[in-house]
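Spelled out from the first residue to the last, the chains are:
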Amino acid sequence: MSDTQTMHYLNQTTGIWSWLKTLDHKRIGLMYLFTVLIFFLVGGVFALLIRWNLFYPNHGFVEANTYNKFFTYHGAIMVFLVIIPAIPATLGNFMLPLLVGAKDVAFPRLNLFSYYLFVLGALIALASLFFGGADTGWTFYTPYSIRASSSMIFVVLGAFVAGFSSILTALNFIITIHKLRAPGLTLGRLPLFCWAVYATSIIQILATPVLAITLLLLVFEQVFKIGIFDPKLGGDAVLFQHFFWFYSHPAVYIMILPAMGVISEVVPVFSRKPIFGYKAIAMSSFGIALVAFIVWGHHLFVSGQSELANFIFSLLTMSVAVPTGVKVFSWLATMYKGSIHFNAPFLYVLGFLELFSIGGLTGVFLATLALDVHLTDTYFVVAHFHFVMVGGAIMGFFSGLHYWYPKICGKMYSEKSALIAFVLIIIGFNVTFFPQFILGAQGMPRRYWTYLPEFTLLNQISTVGSWMLGIGFVYVVYYLLRDLKKGEKATANPWRALTLEWQTTSPPPTENFVKTPVVTEWPYEYRE
Amino acid sequence: MSLPIAATDVAVMWDHLYWFLVWLSVFFFVLVVGTMIYFVIKYRHQKKQKPVFITGNHTLEVIWSIVPLLLVLIVFVWGYVVYRKMIHAPPNSLEVRVIGKQWLWQFQYEDGKTTVNELFVPVNQPVKLIMSSEDVIHSFFVPDFRVKQDVVPGMYTSIWFEPTVPGRHQIFCAEYCGTSHSQMLADLYVLSEGDWAQWKAGKKLNLKTSRISMSNVPSPTLAEQGKKLMLQKGCVACHSDDGSPRPGPTYKNLFNSKVELANGQVVIADENYLRESIETPQAKLVKGFGPLMPTFRGIVSEEEINAIIAYIKSLK
Ligand SMILES: [Cu+2]
Ligand SMILES: [Cu+2]
């Protein structure tokens, strides 16, 4: 990585402290990336253990209590420590200032503080492992969670602390977008990734405090027995679910919107054509952010919620189809009459479209009242949200990771390795999760340590798929690390893209641009 | 995607909607992914093919906003229509009370029988389950009927079905409830008319998998058990069942009547109201009465509350 000829953010200062105390958004982004990848590995190991236990009915690879902890940690780690920070905190941190032509984010110190809050939250959550381990599921439903082992408190407090990290990061991003844009970069010329991060940040600022309060109430309930959530104390068991999903439904969009932002950048660059429907794509991010707050009740259709509430939440949820449809169709239209290059970032766009279509369409099943009654709490739901979260968020993340890899490290990754990994991942993913739709439709409930013999075959297919998926992910991390040394040197703009980050050197200097760039046209002016 | 057998008329309606949506989804999937594949092949980078500068098209954008909206609205309405059928039990339904506990299902029948992990119902007759939980949230799920409902501590929820296929059907717990969640299974036996008569008479049934052996000893009905409990728990000191005045309101004609509260509100005395009146009497004070009644939360068990309410229901 070190390059003696030119100075850039990686070699300007050296030594561990120059990293741990850095205020450079790029280095902070990389520290997030490193941290998130470690948690991705840990969460992934839990996933493989879950799948292996389900290889046979009554397998007994681990006992039920251990299994219940596996899926709790798998879910909590993947949601709170991987997918939520994956794109905003890593690629967002690194790219947002570059994309708007700024030297850094608005508040660099706050940015570093957010990182340490995140690490602190993660450590608190994982400390629970030394106190017996939590087994509540990542959803912490009451009253089970109140009566469960008190190690649950650590996980909850960890999520609470990590939540503040994402609030502060979001604040930083919004102010950066408002205040630090380069001359000429009007809002109408803002790259779509920035719009997506903007919309995401709004959700984070508005929704995360609700999660924080809810989690705190949960701790109070367990420690002081105040009687809000526990019917034995006169509380309301379902109230928690309302609070929880009031955050956690918008959180779904916190996970997916930034991925959509990445896709919107990658599609025009590799189609050599302007993005189709710039305004509609930008607005649809805000459309999604708005609806995000009024659909949480679709998680409670069989919880005892009133018929009227179910009616309204089902209707509102359906409206999500419009802004998501707008995005998908606009990306397709961008490819129309383009000149398409099949580099890895674009391959992941194709993967995204395949998986996200399935994830989105099965979402309509679950939004439909009658259908949800049978399908909810089965493997159908598990499959659905993996198609959306992994298929959507992780595909977008990998697309962005490859797209910006040359900028981040000044080296090119190997396209050949990337293709192999992509094929493994896309096949592995479909083999793992598609059978789970069928399992769910047939009635296999989720969070089951064992199952009826008739579900065996599909579970075994799913487990075999998880191995392919696992190998694919590990291989990506492997060649990306390998090519830090072995990769060809990257030029400033290997993809011939028009956004500002490509106008500076790869890797960029510490303050990003030697001369503040001036913007004279929108970033999708591809005329060849 | 294959489904379990559809053992009620509602399940058949459910299946129609499901397959409609499956095919609609296949159509859109092929539309999106097919178009994608076609475009990336046709417009792959070639020397002689120059990309065209296009930034948008309003007509297209309006079409692809409105068409999906209309389609999902149709699905929404259809889903709601079937859902209404799923949740509104016919008034003549046979009632069975279900209690979920870590990790078993208990069933209380009107005639006083109690079974564990085996539920017996007649074929072609609507059955309504009135469900509650003794500890954490469970969920009562019968895939063959396409019905599921959470079973929540501190309140009643209900579910109904009219089975058309005699034989054994699987019951699952679908809401994570701890260690043995995946083993909180039960069997639902739909009995033919003859078998149902046998069951009601307390005769042994000839079912291969069932573990239940009935005895002929007549047991008190659920309502009679409730009447006895009222005596044991001292409710009779404050409540009468014939309309005569006592410190508390009478139970006579109470069920499903309109109750005027001290704060002027009017509520219907359904199962959940009665339950709340017993567990948290001060939450809804009846007009004209003082806050005399002590709470019975934790003093009467789930089974006992069910019996007491069955008794109050019988006083119509
Ligand atoms: Cu949701
Ligand atoms: Cu359960």
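Residues numbered from 1 in each chain as written. Chains lettered and ligands numbered in written order. Predicted model: local features only at pLDDT ≥ 70, side-chain atom pairs only at ≥ 80, totals over all residues. Heavy atoms only, no water.

### Overview of the overall build of chain B
So, step 1. For chain B, the count of helices and strands is six helices and 12 strands.
So, step 2. Here the C-alpha radius of gyration of chain B, 27 Å, is well above what a compact globule of 316 residues would show, namely 20 Å.
So, step 3. With the C-alpha coordinates aligned to their principal axes, the bounding extent of chain B is approximately 95 × 55 × 35 Å.
So, step 4. Here chain B has roughly 14800 Å² of accessible surface; of this, 61% comes from carbon and sulfur atoms.
So, step 5. Across chain B, the mean location of the 31 positive side-chain charges is 7 Å away from that of the 27 negative side-chain charges. (Helix = DSSP H or I, 4+ residues; strand = E, 2+ residues; numbered from the N terminus. Rg over C-alpha atoms; globule rule 2.2 N^0.38 Å. Areas by Shrake-Rupley, 256 points an atom, 1.4 Å probe, with all protein chains shown as cover. Lys, Arg positive; Asp, Glu negative; His and termini not counted. Charge placed at Lys NZ, Arg CZ, Asp CG, Glu CD.)

### Remarks on the coordination of the copper ion (ligand 2)
So, step 1. Donor atoms from the polypeptide that bind the copper ion (ligand 2) are C173 of chain B (SG), E175 of chain B (O), C177 of chain B (SG) and H181 of chain B (ND1), placed at 2.1 to 2.5 Å.
So, step 2. Considering all four donor atoms around the copper ion (ligand 2), angles at the metal cover 86 to 129 degrees and the coordination shape is tetrahedral. (Donors = N, O, S within 2.8 Å, 3.2 Å for Na, K, Ca; no water. Tetrahedral: all angles 85-135°; square planar, octahedral: opposite > 155°, others 65-115°.)

### Looking at helix α4 (residues 108-127) of chain A
Residue and element names in this part refer to chain A.
So, step 1. Here α4 contains 20 residues, and its C-alpha end-to-end distance of 29 Å stays within 8% of the 28 Å for a straight helix at 1.5 Å per residue.
So, step 2. N111, L112, S114, Y115, L117, F118, G121, A122 and A125 are the residues of α4 that are buried.
So, step 3. Its buried side turned inward, α4 meets α1 (16-20), α2 (25-53), α3 (64-100) and α6 (152-179). (Expected span 1.5 Å × (residues − 1). Buried < 20%, exposed > 50% of the residue type's maximum accessible area, 1.4 Å probe, protein only. Contact = heavy atoms within 4.5 Å.)

### Things to note about empty space enclosed by the protein
Where empty space is left can be seen by rolling a probe of water-molecule size over the atoms.
All names here are of chain A.
So, step 1. As enumerated under the stated definition, the model contains six cavities of 30 Å³ or more in all.
So, step 2. Of the volumes computed, that of the largest cavity is approximately 180 Å³.
So, step 3. Together, 17 residues line the largest cavity, and I84, P85, A162, S166 and Q204 are the ones closest to its centre.
So, step 4. For the lining of the largest cavity, the elements supplying multiple residues, two or more each, are α3, α6 and α7 (192-224).
So, step 5. The biggest single contributor to the lining of the largest cavity is α6, with six residues. (1 Å grid on protein atoms, 1.4 Å probe; cavity = no way out; pocket = protein on both sides within 12 Å on 5 of 7 lines; lining within 4 Å. Points joined across faces, edges and corners; volume = space filled by probe spheres on them.)

### Regarding the sheet that holds strand β5 (residues 127-133) of chain B
All names here are of chain B.
So, step 1. With mixed pairing, the five strands of this open sheet are ordered in space as β3-β2-β1-β5-β8. The open sheet is flanked by β3 (114-116) and β8 (157-161), the only strands paired with a single partner. In this sheet, neighbouring strand axes are inclined to one another by 25 degrees on average, regardless of whether the strands run parallel or antiparallel.
So, step 2. In this sheet, β8 lies alongside β5 in antiparallel orientation, the contact comprising five bridges. (Pairing = 2+ DSSP bridges. Axes fitted to C-alpha atoms, helices over the stretch in contact; angles between N-to-C directions.)

### Thoughts on the interface of chain A and chain B
So, step 1. With 92 residues of chain A in contact, the opposing surface of chain B contributes 81 residues.
So, step 2. Counting the surface lost from both chain A and chain B, the interface buries some 7300 Å², and carbon and sulfur atoms represent 72% of this.
So, step 3. Scanning the region where chain A abuts chain B turns up one salt bridge.
So, step 4. A salt bridge links E307 of chain A to R84 of chain B, with the shortest nitrogen-to-oxygen separation between them at 2.8 Å.
So, step 5. Counting the contacts that link chain A with chain B gives 27 residue pairs in polar contact (both at pLDDT 80 or more).
So, step 6. Across the side of chain A that touches chain B, the residue classes break down as 53 nonpolar, 25 polar and 14 charged. (Buried area = accessible area lost by both parts, 1.4 Å probe. Salt bridge = Lys/Arg side-chain N within 4 Å of Asp/Glu carboxyl O. Polar contact = N/O pair within 3.5 Å; in protein donor to acceptor, adjacent residues only side chain to side chain. Nonpolar A, V, L, I, M, F, W, Y, C, P; charged D, E, K, R; others polar.)

### Quick notes on the domain arrangement of chain B
Residues and elements named next belong to chain B.
So, step 1. Each domain of chain B was delimited in the assignment, giving domain 1 (9-43 + 56-87), domain 2 (94-200) and domain 3 (222-314).
So, step 2. Between the C-alpha centres of domain 2 and domain 3 there is a distance of 26 Å.
So, step 3. Both sides together, the interface formed by domain 2 and domain 3 hides about 1300 Å², and carbon and sulfur atoms give 42% of it.
So, step 4. Across the contact surface, domain 2 and domain 3 share two salt bridges.
So, step 5. The salt bridge partner of K101 is E303, with a shortest N-O separation of 3.0 Å.
So, step 6. On the surface where domain 2 and domain 3 come into contact, there are 10 residue pairs in polar contact (both at pLDDT 80 or more).
So, step 7. Breaking the side of domain 2 that touches domain 3 down by element, the ones donating at least two residues are β1 (94-101), β2 (104-109) and β5.
So, step 8. It is β1 that contributes the most residues to the side of domain 2 that touches domain 3, four residues altogether. (Domains from an automatic or database assignment.)

### Details of a nonpolar patch on the surface
All names here are of chain A.
So, step 1. Together, F34, I38, L41, V42, V45 and V474 make up an exposed nonpolar region whose accessible area comes to about 540 Å².
So, step 2. Broken down by element, the residue count for the nonpolar patch peaks at five residues, all from α2.
So, step 3. Secondary-structure assignment places V42 in helix α2.
So, step 4. Of the residues examined, V42 reaches a relative accessible area of 30% and is grouped as partly exposed. (Patch = residues over 30% accessible without salt bridge, like charges linked within 9 Å, V, L, I, M, F, W, Y side chains within 5 Å.)

### Notes on the pairing of strand β10 (residues 186-191) of chain B
So, step 1. Most of β10 of chain B sits inside the fold, with six of its six residues counted as buried.
So, step 2. Alternating positions in β10 of chain B separate into two faces, A186, L188 and V190 of chain B on one and D187, Y189 and L191 of chain B on the other, with burial throughout.

### Observations regarding the nonpolar core
One broad trend across soluble globular proteins is that nonpolar side chains are buried collectively.
So, step 1. Counting 265 residues, the largest nonpolar core has F80 and M335 of chain A together with F140 of chain B as its most contacted members.
So, step 2. At 24 residues, α3 of chain A tops the list of elements feeding residues into this core.
So, step 3. Here this core spans two domains, and each of domain 1 (9-43 + 56-87) and domain 2 (94-200) of chain B adds at least three residues to it.
So, step 4. In this structure, Y156, V259, V267 and Y311 of chain B belong to the second largest nonpolar core, which totals 27 residues. (Core = buried A, V, L, I, M, F, W, Y, C linked by side-chain atoms within 4.5 Å.)

### Points about the coordination of the copper ion (ligand 1)
All names here are of chain A.
So, step 1. Taken together, H249 (ND1), H298 (NE2) and H299 (NE2) make up the protein donors of the copper ion (ligand 1), found 1.7 to 2.0 Å from the metal.
So, step 2. Taken in sequence order, the residues that donate to the copper ion (ligand 1) follow the motif H-x48-H-H.
So, step 3. Taking the relative accessible area as the measure of exposure, H299 reaches 28% and is therefore partly exposed.

### Quick word on the packing of aromatic side chains
So, step 1. A complete count under the given rule lists 78 aromatic pairs over all chains for this structure.
So, step 2. Relative to F473 of chain A, the ring of F40 of chain A has its centre 5.1 Å away and its plane inclined at 65 degrees; by these criteria the two rings are edge-to-face. Of this pair, F40 of chain A sits in helix α2 while F473 of chain A sits in helix α16 (residues 456-486), and the two are 433 residues apart along the sequence. Judged on exposure class, the residue F40 of chain A and its partner F473 of chain A are both buried.
So, step 3. The rings of F365, F380, F387, F429, F433, F434 and F437 of chain A together with W14, Y18 and W19 of chain B are connected pair by pair, giving a single aromatic cluster.
So, step 4. It is K148 of chain B that lies over the ring of F141 of chain B; its NZ or CZ is 3.9 Å from the centre.
So, step 5. Residue placement shows R275 of chain B over the ring face of Y156 of chain B; its charged tip is 4.7 Å from the ring centre. (Phe/Tyr/Trp six-rings, centres within 6.5 Å; stacked < 30°, edge-to-face > 60°. Lys NZ or Arg CZ within 6 Å of the ring centre and 35° of its normal.)

### A short note on the packing of helix α8 (residues 239-271) of chain A against helix α11 (residues 321-335) of chain A
All names here are of chain A.
So, step 1. Closest axis-to-axis distance for the α8/α11 pair is 9 Å, and the angle between their directions is 15 degrees. In terms of orientation, α8 lies roughly parallel with respect to α11. Note on packing geometry: the crossing formed by α8 with α11 is left-handed. Between α8 and α11, the contacting residues are L257, M260, I263, S264, V267, P268 and S271 on the first element and T324, K327, W331, T334 and M335 on the second.
So, step 2. Here the residues of the contact of α8 with α11 are counted per class, giving seven nonpolar, four polar and one charged. (Parallel < 35°, antiparallel > 145°, perpendicular 65-115°, else oblique. Left-handed = near helix turned anticlockwise from the far one by under 90°.)

### So, the pattern of salt bridges
So, step 1. In the structure shown here, the tally under the stated rule is 19 salt bridges over all chains.
So, step 2. In the salt-bridge network here, residues are joined through shared partners; they are E95, R97, E110, E271 and K313 of chain B.

### Considering the packing of helix α1 (residues 9-42) of chain B against helix α2 (residues 58-87) of chain B
Residue and element names in this part refer to chain B.
So, step 1. Direction vectors running N to C along α1 and α2 enclose 165 degrees, while the axes themselves pass 10 Å from each other. One finds that α1 runs roughly antiparallel with respect to α2. Judged by the sense of rotation from one axis to the other, the crossing of α1 with α2 is left-handed. Along the contact surface, α1 presents V10, M13, W14, H16, L17, F20, L21, L24 and F28, while α2 presents L71, V75, W78, G79, V82, K85 and M86.
So, step 2. The residue inventory of the contact of α1 with α2, partitioned by class, reads 13 nonpolar, two polar and one charged.

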